[in-house]
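# Fold and geometry: a report
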Amino acid sequence: QSFLYRWFAIGKARRDGLLVEFSKNVTATSEEIHGAVFHAAAECPLTKDGDFDDSLVPRIRAIIAEEDEQ
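Read on for an overview of the structure.

Summing up its helical and strand segments, the chain has three helices and two strands in all. For the chain, the succession of helices and strands along the chain, N to C, is α-β-β-α-α. Taking 11 Å as the expected radius of gyration for a compact globule of 70 residues, we find that the chain reaches 12 Å, a close match to that expectation. Each principal axis of the C-alpha distribution contributes one length, and for the chain these read about 30 × 30 × 20 Å.

If you want it as structure tokens, here you go:
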């Protein structure tokens, strides 16, 4: 159940434009989303409405920065 709530919250964040900088169109019908989005989604809390709180985007950026340092 937790997975589904987070999956739906990722979809809402994507529709709301929060993930634009972390995704790119590969073809006319497919999109690639950076893996850091899913790592952050597993860590960040959800609000009572089932959305991610304001920590999602900063956490995604931090994960990407950590990957770049390695």
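We now examine helix α2 (residues 35-43). Listing the buried residues of α2 in full gives A36, V37, A40 and A41. Mapping the buried residues of α2 onto a view down its axis gives an arc of 140°, with all of them on the same face. Elements that come into contact with the buried residues of α2 comprise α1 (2-15), β2 (31-33) and α3 (56-69).

Criteria and cut-off values
Residues numbered from 1 in each chain as written. Predicted model: local features only at pLDDT ≥ 70, side-chain atom pairs only at ≥ 80, totals over all residues. Heavy atoms only, no water. Helix = DSSP H or I, 4+ residues; strand = E, 2+ residues; numbered from the N terminus. Rg over C-alpha atoms; globule rule 2.2 N^0.38 Å. Buried < 20%, exposed > 50% of the residue type's maximum accessible area, 1.4 Å probe, protein only. Arc of directions from axis to C-beta. Contact = heavy atoms within 4.5 Å.

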